[in-house]
Amino acid sequence: LAPKDGTYELTLTEELREVTYFDQARLQVVDHPEGTEIFPNELFKFPPFPEEHTHTLRGALSPTKATGSDGPDWTRELAQIDDVYAEPFTLPPPQFVGLANPWFVELEFDKARVADAHKLRLALTGWFFWSDASANMASARAPGVAFIPPMFQVPDGKGGWKDTGPPVGFPAGKTKTMVIDIAPILDPHDPRIRVF
């Protein structure tokens, strides 16, 4: 929204390389306490689709440590929303544009702060580069190249890691924040999580 002659102008963009038609648009306004952040339950995922919900966050915790699967420390880059992103991935050949070679970021959080948290939700801010049909067709015909949406892993209590379920979804286009409830999967005694 940008002020224009005392009024505001709302601009809608299409994130895909195609045309979208819609019959209705709705603007929601949220009056929230000072010091809180508001995020819609907006992410792109396969069914079941996310329910309509507005997340209110206060006092978000940055990870005490964030490490890429190939070793780099991304703690500073993930400390705040500032358009500086962790990029621990490498890209496959150009015919697979929009895909990345397998990688993860391991996040570690303060045990005492996690134990005292009223709710545990992970706020992931990023952007998604939409691929196209030619890259999808190329990956479908190439052994070892697959479209794998983001997933979580947590420590299994035996020195290894375990998957926590189906993919969590990904940002629906340009810079977006996904808020995901991790209370059922995060161990407060070992508050680490891997984002694949």
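Refer to the structure above for everything that follows.
Engineer: I'd like to hear about the overall build of the protein chain, residue by residue, with values.
Structural biologist: Secondary structure summary: the protein chain contains two helices and 11 strands in total. Counting from the amino terminus, the protein chain carries its helices and strands in the arrangement β-β-β-β-β-β-α-β-α-β-β-β-β. The dimensions of the protein chain, computed from C-alpha atoms along their principal axes, are 60 × 50 × 30 Å. Per-residue burial for the protein chain yields a buried fraction of 27% across its 196 residues. Sequence-distant contacts in the protein chain: of pairs separated by 6 or more residues, those separated by 24 or more amount to 63%. Carbon together with sulfur atoms contributes 54% to the accessible area of the protein chain, which is approximately 13,700 Å² in total.

Engineer: Now, about the pattern of salt bridges: what can you tell me, with residues and values included?
Structural biologist: Applying the stated criterion across every chain, the model contains five salt bridges. Across the pair Glu 52 and Arg 26 runs a salt bridge, and its minimum N-O distance is 3.2 Å. Remark: Arg 26 occurs in the loop between strand S2 (7–9) and strand S3 (37–40) and Glu 52 occurs in the loop between S3 and strand S4 (54–57); sequence separation between them is 26 residues. The same class applies to Glu 52 and to Arg 26, which are both exposed. Between Glu 106 and Arg 192 there is a salt bridge; the shortest N-O distance is 3.5 Å. One end of the pair, Glu 106, is in strand S6 (residues 105–108); the other, Arg 192, is in strand S11 (residues 192–195), with 86 residues separating them in the sequence.

Engineer: Lay out the sheet that holds S11 in plain terms, naming residues and giving numbers.
Structural biologist: Here five strands make up an open sheet; going across it, the order is S5-S6-S11-S8-S9 and the pairing antiparallel. Either end of the sheet is taken by a strand with one partner, and the two such strands are strand S5 (65–68) and strand S9 (161–163). Direction aside, the axes of adjacent strands within the sheet are offset by 25 degrees on average. In this sheet, S11 lies alongside strand S8 (residues 152–155) in antiparallel orientation, the contact comprising two bridges. Pairing of Phe 152 across the sheet is with Val 195, part of S11.

Engineer: Tell me about the pairing of S11, residues and numbers included.
Structural biologist: Both S6 and S11 contribute to a ladder of four bridges, which runs antiparallel. In the strand pairing of S11, Val 105 is matched with Val 195.

Engineer: With reference to specific residues and values, describe the environment of Phe 89.
Structural biologist: With respect to the element layout, Phe 89 can be found in the loop between S5 and S6. Sequence separation between Phe 89 and Pro 102 is 13 residues, and the spatial gap between their C-alpha atoms is 7.3 Å. Leave out the neighbours within four places in its chain, and Phe 89 touches Ala 100 and Trp 103.

Engineer: Mind laying out the side chain of Thr 75, listing which residues take part and the relevant values?
Structural biologist: Turning to its location among the elements, Thr 75 is positioned in the loop between S5 and S6. The exposure class of Thr 75 is buried, given its relative accessible area of 17%. Residues contacting Thr 75, with those up to four places away along its chain left out, are Pro 63, Thr 64, Lys 65 and Ala 66.

Definitions and cut-offs
Residues numbered from 1 in each chain as written. Predicted model: local features only at pLDDT ≥ 70, side-chain atom pairs only at ≥ 80, totals over all residues. Heavy atoms only, no water. Helix = DSSP H or I, 4+ residues; strand = E, 2+ residues; numbered from the N terminus. Buried < 20%, exposed > 50% of the residue type's maximum accessible area, 1.4 Å probe, protein only. Contact = heavy atoms within 4.5 Å. Areas by Shrake-Rupley, 256 points an atom, 1.4 Å probe, with all protein chains shown as cover. Salt bridge = Lys/Arg side-chain N within 4 Å of Asp/Glu carboxyl O. Pairing = 2+ DSSP bridges. Axes fitted to C-alpha atoms, helices over the stretch in contact; angles between N-to-C directions.

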